[in-house]
Each structure stands twice: as structure tokens, then as C-alpha cells.
Amino acid sequence: MTSQISTPLQFTKMHGIGNDFVIVDDRDSRLSEDLLPALSRLLNDRRFGVGGDGLILLRPAKEAGNDYAMRMLNPDGSEAEMCGNGIRCLAKFAFEGGVCGSLSPKVETASGTLELELGITDNRVESVTVEMGQARWRRRDIPVTGPPEDSFIAQPVDLLGRTFIVTAVSMGNPHAVVPVIDAGHVPLHEWGPALETAPIFPQRINVHFLQTVSRWEIVQRTWERGAGATLACGSGACACVAVGHKLGLVERDVTVHLPGGDLHVEVVGDFHMRMTGPAEAVFTGTIEPAFLESKLQ
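Here the structure is a predicted model, which means the values were calculated and not measured.

A.B. asks: How would you explain unusual backbone geometry if you had to name every residue and give the values?
C.D. replies: Residue proline 143 follows isoleucine 142 across a cis peptide bond; omega there is -5°. Its place among the elements puts proline 143 in the loop between β8 (124–134) and β9 (155–159). Positioned with a positive phi, serine 29 is a non-glycine residue whose angle comes to about 55°. Secondary-structure assignment places serine 29 in the loop between β2 (19–25) and α1 (36–44).

A.B. asks: Talk me through the packing of aromatic side chains; I want residue IDs and the actual numbers.
C.D. replies: Going through the model one piece at a time under the given rule, you end up with five aromatic pairs. With a centroid separation of 5.4 Å and 85° between ring planes, the pair formed by tryptophan 137 and phenylalanine 271 is classed as edge-to-face. Linking tryptophan 137 in the loop between β8 and β9 with phenylalanine 271 in the loop between β16 (261–268) and β17 (272–277), this pair joins segments that are 134 residues apart in sequence. Taken together through their ring pairs, the aromatic side chains of Phe164, Trp191 and Phe209 make up a single cluster. If you follow arginine 162 out to its NZ or CZ, it ends over the ring of phenylalanine 164, 5.3 Å from the centre.

A.B. asks: Residues and numbers for the environment of phenylalanine 95, please.
C.D. replies: By the element assignment, phenylalanine 95 lies in helix α2 (residues 84–96). On a C-alpha basis, the gap between phenylalanine 95 and arginine 124 in space is 8.3 Å, while along the polypeptide they are 29 residues apart. Ignoring any residue separated from it by four or fewer positions in sequence, one finds phenylalanine 95 in contact with Cys100, Gly101, Ser102, Leu103, Leu118, Ile120, Asn123 and Val125.

The rules behind the values
- Starting from 1, residues in each chain are numbered consecutively following that chain's sequence as written.
- Whole-chain, interface and lining totals are the exception, using all residues; otherwise, since this is a predicted model, local features are given only for residues with pLDDT of at least 70 and side-chain atom pairs are given and counted only at 80 or more.
- Side-chain descriptors were evaluated using all non-hydrogen atoms of the structure, hydrogens and water having been removed beforehand.
- Secondary structure is summarised from DSSP: a helix means a run of H or I of at least four residues, a strand means a run of E of at least two, and numbering begins at the N terminus for each.
- Centre distance within 6.5 Å is the pairing criterion for rings of Phe, Tyr and Trp, where only the six-membered ring of Trp is used; planes under 30 degrees apart are then read as stacked, over 60 as edge-to-face, and the remainder as tilted.
- We call a charge positioned over a ring when the NZ of a Lys or the CZ of an Arg lies within 6 Å of the ring centre and within 35 degrees of the ring normal.
- Residues are treated as being in contact if the distance between any of their heavy atoms lies within 4.5 Å.

What follows is the structure in C-alpha cells.
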């Protein structure tokens, strides 16, 4: 496989509370589908590439009325349906780069179209609120093996010689939430991959450990499918608050403390989730075609 890229590839490195991404404007679709998995593995490599928790592509919207589209690939080359921190970064990238001047853009993702609200100061995006959609509890929507119409709430999962009490939910991508007494002492690199690849989750799953501080405050630790331990996960924060509210642990308006910073998550109506948080641009750069040609073949 050749790189198929004949001119320098421009990118912007961004992060949402430590969840970092390589963002590329690919509205001309110059990056072919067969190239994307290897390109994501290369660019997200923290020693031989730019380094990140995902490659995000800005693409044209396919449906009338939408502003643009988001594609995201994990560091292992697999595709993610959605990413809450990533979509906030993309919104800042699109607004400040002059791609879309709307303060309420509609963004297409692999899990559907999401509506955003940009918080602007001096023509800069300081925060982004994302209508993350409705939390879904049916096994078939997550997915989880077993009766497709049933939920998977506070169920025992036996792994590593212990029993985890797991609730699974879809936020457009799959999440498993495990309440714990102290999230800071969870052996994340042991428990995370074991739950991610448990046979009951046929498409693997994002794993979160939820510590309740109060009715309005939680601590979250995350092992992301295809990425490993990350400093933050926006869709995971929504999943944790949805599960916490479902189990009667928290109210509808919750501050989520993650290793990279805080998010504000609300449960609206019948588990429609709304998330607000910052996005930061770190640096921009270009990658020469000769480098890509040498690595992507």
C-alpha cells in the first residue's frame, strides 16, 4: 500500500480535558478509505507519529441542513461511532478555521447527527455543549449478548477471579459502567482490557469506573475501546451519569471529575444527555509525503 498523498498533510493537535486528537480537514476526501486505518495508527503513535487518542477527519455533510461531518478512528485503526471530547474539538476547529460560522452547528457522526452550542469569547470557542442523544439500554443497541430487548443493568460479570457489577448503555457507542468505592485505586490496565474484550460484548466496549462523591458529583476512570487508558471520555461521562441516575446514585445535573479535567453532564427528560466542556488547540503542523510514503507501504 502506498500513501496516495502527494502534498504535505496538514493537521491540528487538539484536546478536550486531556483526551487528545489529530484533526485533519479532509473535506476534499483526499484520504482514501483503505489508507485510513494505517494512517490513524501512524499519526496517533506517541513515539513515531504526532500522538493522540484518535484521528478525526472533518468531512462534508451528506444530508441537507447539516453543517459538516465527523469521522474518527482509534489509535488501533478501528473506527469509533462517536467521541464527545472529539466532537467539541472538531467544532472549535471548524469555527475558528472559518469552515462553519454557525454557533449551533449540526454535525453528522457514525451514530447520527448531533446538535451543538458554542460558547464564544472574543470570537474564540471556550466551551461546547453537545446534545448527545438518548441513552439506550437494550442489549441489541449496545450490543450485549443475550435477549436483545432486555437491558443489562447491575449484572454480575465474572472475570479475573472476581465479580464485577456492570451496567451497559449505548450513547451511540457502547459503554460498560462499574460503580466502585475509590476510582483512583482501580487497577485500570488490568480490569479495563478484561472487561473491554469480555465475550458478552461482541463488538468490545468502553469501560468506566464510577465513584460517587455526592448526588451532584462523580469521579470517572476510563479504559477506551481501541485506545486504552485515556484522561477523559465525553460519551463515557454521559454514560456514567446516565447509569448513576438510573441506579439512583446521582441527580440529573452532575459534575464529572476525570483525570484531565471536569465536564458538566445533564440528564434531560427520558435520559437525553447534554454535555458541556472545553476544547483546546495545541499546535498545527504538516507531515511530508515522503515520510508517509516510507511508513504506509
